[in-house]
Amino acid sequence: MAEKYEKVTNTIERRKERLDRGIKVRTEGIYAISSLEEVAYLVLPRLILIMGLLLLPAVIPSLYWKRVISITCIYALLALGFDFLANFVGLVSLGGAFYIGVGGYMAAILNKYVGLSPIITIPLATFSGAIICTLLLLPALPLRGVYFAIVTLMYPLAIARIIEALNILGGTDGILGVAGFPTRWIEQYIIILIVIFALFGLRRLVNEDIGLVFRGVKDNDQAVRASGLSITLYKSIAVFIASGLGSLGGAYLSHIYMWSGISQFALDFSIIPIAATVIGGGGTLVGPLLGCFFLVPISEFLRAFGTLRIVFYSLILMAFIMFRSEGVMVYAQRKYHQFERWVKV
Amino acid sequence: MECRNTIQHSNVPLFYFFTMDILIYGIVNSFSLALMAIGFTLVYGISRLPNFAHGALYVITGFGVWWFIHKLHLNYALSIILALILMGLIGAGVYRFVLIRVRGMATSEIIATYALGLAILEFLRWRGFKGMTYTLPVFIEGSIQIAGVPIDLQRIIVIGIGIVVISFMWLFTHYNKIGLALRGMAQDEHAAMMLGIDSDGMAIIAMAIGSILAGLSAIVLLPLGNIVVEAGYNVLILSIAVCIVGGLGSWGGAILAAFMIGFVQILTVRYIQSHFHMVVALLAIILTLILRPSGLFGRQKELEERV
Amino acid sequence: MKKKWFAVWMVAFFVSLIMSTLFSSEKANAQGKPIVIGSPLATAFLYGWDAERAIKLAVEEINAKGGVTVGKEKRPFKVEVMDTRDLEPGVPVSDALLVVEKLILEKNADFIVGGPVRSEAALAAMDLLSKYKKVSILTTGVLTPAYHKRVESEYEKFKYCFRISGEVGWMVTGEFIPCLMGIKEKFGLNKLFIMVQDVAHARAGGDIVAKIAGEKGWEIVGKEIYPTGTTDYSVGLLKAKDGKAQVILIWMDMPETAILLKQWYDMKIPALPFGTIIAAAEQPGFWKATEGKGEYCMASVVNAGNAPSKATPWTMKFVEAYQKKYGLEPEGYGTSSSYMAVYVLKDAIERAGKLDSDAVISALEKTDLMGVYGRIRFNPKNHQIIPSVDPNEGAVGTIFQWQAGKRVVVFPPKIAMGEIKLPPWMKK
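Residues numbered from 1 in each chain as written. Chains lettered and ligands numbered in written order. Predicted model: local features only at pLDDT ≥ 70, side-chain atom pairs only at ≥ 80, totals over all residues. Heavy atoms only, no water.

Undergrad: Go over the pairing of strand E6 (residues 135-138) of chain C, please, and point to the residues and values.
TA: Side-chain direction in a regular strand flips from residue to residue, so the side chains alternate between the two faces of the sheet. All names here are of chain C. Burial along E6 is two-sided: the face carrying Val-135 and Ile-137 and the face carrying Ser-136 and Leu-138 are both buried. Across 4 bridges, strand E5 (residues 111-114) lies against E6 in parallel orientation. Residue pairing in the sheet places Val-113 in a bridge with Ile-137 of E6. For the crossover that starts at E5, traverses helix H4 (residues 119-132) and ends in the parallel E6, the hand is right-handed. The pairing of E6 with strand E7 (residues 161-163) spans 3 bridges and is classified as parallel. (Buried < 20%, exposed > 50% of the residue type's maximum accessible area, 1.4 Å probe, protein only. Helix = DSSP H or I, 4+ residues; strand = E, 2+ residues; numbered from the N terminus. Pairing = 2+ DSSP bridges. Right-handed = clockwise from strand over helix to strand, strands pointing away.)

Spelled out as structure tokens, the structure:
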């Protein structure tokens, strides 16, 4: 007991101090355009991201890896939706698979049974998929926290079983013969452009007024309610946006593989976006994107290990959650905007 | 194709027979669900930790006992005891080294435990535990007839052990010091901490007991069929279903929920179509969460769960 | 402290990753450039590793004898197996399709043999194979008739797809029904109860059997459809008992079939378990796993050679070679078909003289050799193997019954090694 007491009276001599960098302060107001350096500080990261994404398919030679990029972009759309819902609206949605499945089936139905071409089915599927998902999730919206998470996790599983049991929409065989894209370049670049637009669009959105309401719902929904705003309405709008992104991904998936089936409700589509958000850094919107670009290629690399691949994958995930749960982007942003130093007390 | 007419034309004793068979197999099914779910409910009730590795713990116990029996050539009873002790240690270890870092962040807990479960299951696959030839022997061979319904002894053991475990847990949490501490934690964490109960210590014990219970249910239920990795996912979903319908945090509710779901499943199979066996569990979760998130007897406050 | 360990771990991981990719590059074989066979299979499941093992066995045998003669040179086969995980719940079919693409684009597979195993994945893969113009021989899983029907309906697009293993249509009309009729004649049984799994091929199979058997004098006393993962069959079994069923037709490929059989035994249901596809009972390890409770269970392993019989001179040679290499009898239903697929491919390449897809396709259509399970010929219109009950005419299936710890082939009569027996508690 005496030891403990002694330790308490030990004084610390130095502490770590974190300050904004000079250049960050300078770029906050009108002085952002005062010199090339400041402009670069602001613009460069975003430019690198956009250019990087656009150039990626051109730089990577192998057809197979180009396909991996497309798949990564689909996961990225889901991750964006998840991050948006979880960190900007406070709804932890584990049901990414649900959006993909609904969007995928809608696109396949519109294409196969109604006969529309992919250019039309994708936007239509996005829109109708978002509507369907929002309507189906409506009863669950008032739930909070872990309850909402579990319900959304169960939705894709339940609907997959229902389709299987009732043997509708192609049952376990799925819907085949869905049209593909006319050329490879369109296939490749459409999704990249969509991802870029989604990313910057969402960033814009959360800084608008409506974004403020969303954040209010996340922080203190009773206060928002007290202001006379309907929480359910705003939550539905948020779910609409996120499920729209997911349905878009699902519709795209149906068209690149020319098929749609109950495995589009697979758990993988729910888990990977969450993992990407954890690794990439939640709350930054660009973090989950980068997380996907890290996670999916690694997962493909690991195929060489056969079944052990998933073991490694899960271990990486656990390591990140346990040790670096803030995520790469948050860490990077902190380093970019601030610096740390030891200061004498 | 289906000839239900033959049944309707039968005489009264046959109808009685069917009700008996629903009763008996309903009870067996309910106890199976209760055994599977009680470990999960315990951990969630006490430390609000959704342990998504529950299914994996179930499966690894099965393979563990198999390995002890066939590779180390130990006696069956000894293998069981050894496996259960091991499970307790693993459970405690999981909390101490993994979950303690993510405590409180619901999403991270789910992901961490899910990733762990996934790692365990895939690791088992990689080690060669695939295919359908891994089985555990039943405790007692043979079958008997109860009121005209044939039932094998292992299933009766399931009921027996179910009753024993439930009573034991009840007694433990009402009369044993540690059990009372666990119950206190479940009721109100902050009050318990003020009384000097160590939250992390209790959580370690809860995880250990939860894992042992998962293992126990595996040992009792796996001899009925074979041990396959896929069972892990099914067990997880069923446990979540029972836990949620019963109310997170209420053990009485969980038992009742197990019975409800168990009987509904059997009735659906009997009178509607066996198609919907799993859909029942999933729909139960969704409906409960939408209509009454706190489940049957959950003690969560209304405001905490919905707006 | 935490940071240090994390960093160390990450560095070690990445180093090993880079090393493994660097060292996985192709090495040229002294014997001539290898012909790459890509095998997308769900290796963690019976219907994946059965094919994997057989393919590797065949490749080994062929390479040992000098390889494949392509034009003037001899080239060895090289097999690249990749895990698709497509039989796992929770894994989307797009994963399997990605594997097929990886095999074609990255591993430069010349031919695809084996999977994907899941019907949904295989059907979706057809479009991919057509896109890349790669010849594929399906050898395991995928029992749906939709596969060869699709080839027939759009021949020019899907001519690359062949299937050398069985499909539901023939299995029911050519094997199960005649076998049932045989049982009817021999034992005078006529009440049938049907238990199928809730997947397309099982439901379709169950329906067809019910219809045809009904027309041929069988009384269908009930039908139960079980979703994948059902752990309790008591209600169904009791229904069967109550309806006085004498034969229970089982069509399930899930592991829980072991529970079904154990329950059947424990409840002493007086009916013969006629397993059409009954996954748990197909492995040699089944007897030990159920401690003999699975006796009298019948099962179909789709093609001869998957259980020992004397269909052709090659059958037992194959069974013995397999046993020598892997230590147990062939199991699952993709084994003999995968083995034959490699030999059939070799034969076709040698006749075509080159690896060009169109040339190999016409050569495959003209295939006519005596294989492990009979005469191997493909229907030129839909690229499905031509089946028969006579090994001299076509591909022969196998239905066996577990008797005293052994898998005794009981159908077709031309290759039967024993007779069907009824469980003792059925004789009253």
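Further notes follow.
Undergrad: Give me the sheet that holds E6(C): which residues, what numbers.
TA: Within a sheet, each strand pairs with its neighbour through backbone hydrogen bonds, oriented either parallel or antiparallel. Residues and elements named next belong to chain C. With parallel pairing, 5 strands are arranged side by side in an open sheet as E4-E1-E5-E6-E7. Across the chains shown, the open sheet's two edge strands, defined by having one partner strand only, are strand E4 (77-83) and E7. Across the sheet, the axes of successive neighbouring strands diverge by a mean angle of 25°, strand direction being ignored. In this sheet, E4 lies alongside strand E1 (residues 35-41) in parallel orientation, the contact comprising 7 bridges. Bridging across to E4, Pro-40 finds its partner in Met-82. (Axes fitted to C-alpha atoms, helices over the stretch in contact; angles between N-to-C directions.)

Undergrad: Break down helix H13 (residues 335-352) of chain C for me, citing the residues and quoting the values.
TA: All names here are of chain C. Counted at 1.5 Å a residue, the expected span for H13 with its 18 residues is 26 Å, and the 26 Å between its end C-alpha atoms agrees. When you tally the buried positions in H13, you get 14 out of 18 residues, the bulk of the element. Among the residues trailing H13, Gly-353 stands out with phi positive, at a value near 85°. (Expected span 1.5 Å × (residues − 1).)

Undergrad: Summarise the side chain of C:Gln384; cite the residues concerned and give the values.
TA: All names here are of chain C. Tracing the backbone shows Gln-384 in the loop between strand E14 (374-376) and strand E15 (399-403). By relative accessible area, Gln-384 is classed as buried at 6%. Of note is the side chain of Gln-384, whose polar atom sits 3.0 Å from the backbone oxygen of Ser-165. Other than its neighbours up to four places away in sequence, Gln-384 contacts His-148, Arg-163, Ser-165, Gly-166, Glu-167, Arg-377, Phe-378 and Asn-379. (Polar contact = N/O pair within 3.5 Å; in protein donor to acceptor, adjacent residues only side chain to side chain. Contact = heavy atoms within 4.5 Å.)

Undergrad: Now, about the packing of aromatic side chains: what can you tell me, with residues and values included?
TA: Applying the stated criterion to the full structure yields 34 aromatic pairs over all chains. Pairing C:Phe176 with C:Trp251 gives two aromatic rings, centres 5.6 Å apart and planes at 85°, and the pair type is edge-to-face. Taken as a pair, C:Phe176 in helix H7 (residues 168-187) and C:Trp251 in strand E10 (residues 247-252) lie far apart in primary sequence, 75 residues in all. Taking the centre distance of 5.8 Å and the plane angle of 85° together, the rings of C:Tyr265 and C:Trp425 count as edge-to-face. Here C:Tyr265 is found in helix H10 (residues 257-267), whereas its partner C:Trp425 is found in the segment after strand E16 (406-411), with 160 residues between them in sequence. Sitting over the face of the ring of A:Tyr257, A:Arg67 holds its NZ or CZ atom 4.8 Å from the ring centroid. (Phe/Tyr/Trp six-rings, centres within 6.5 Å; stacked < 30°, edge-to-face > 60°. Lys NZ or Arg CZ within 6 Å of the ring centre and 35° of its normal.)

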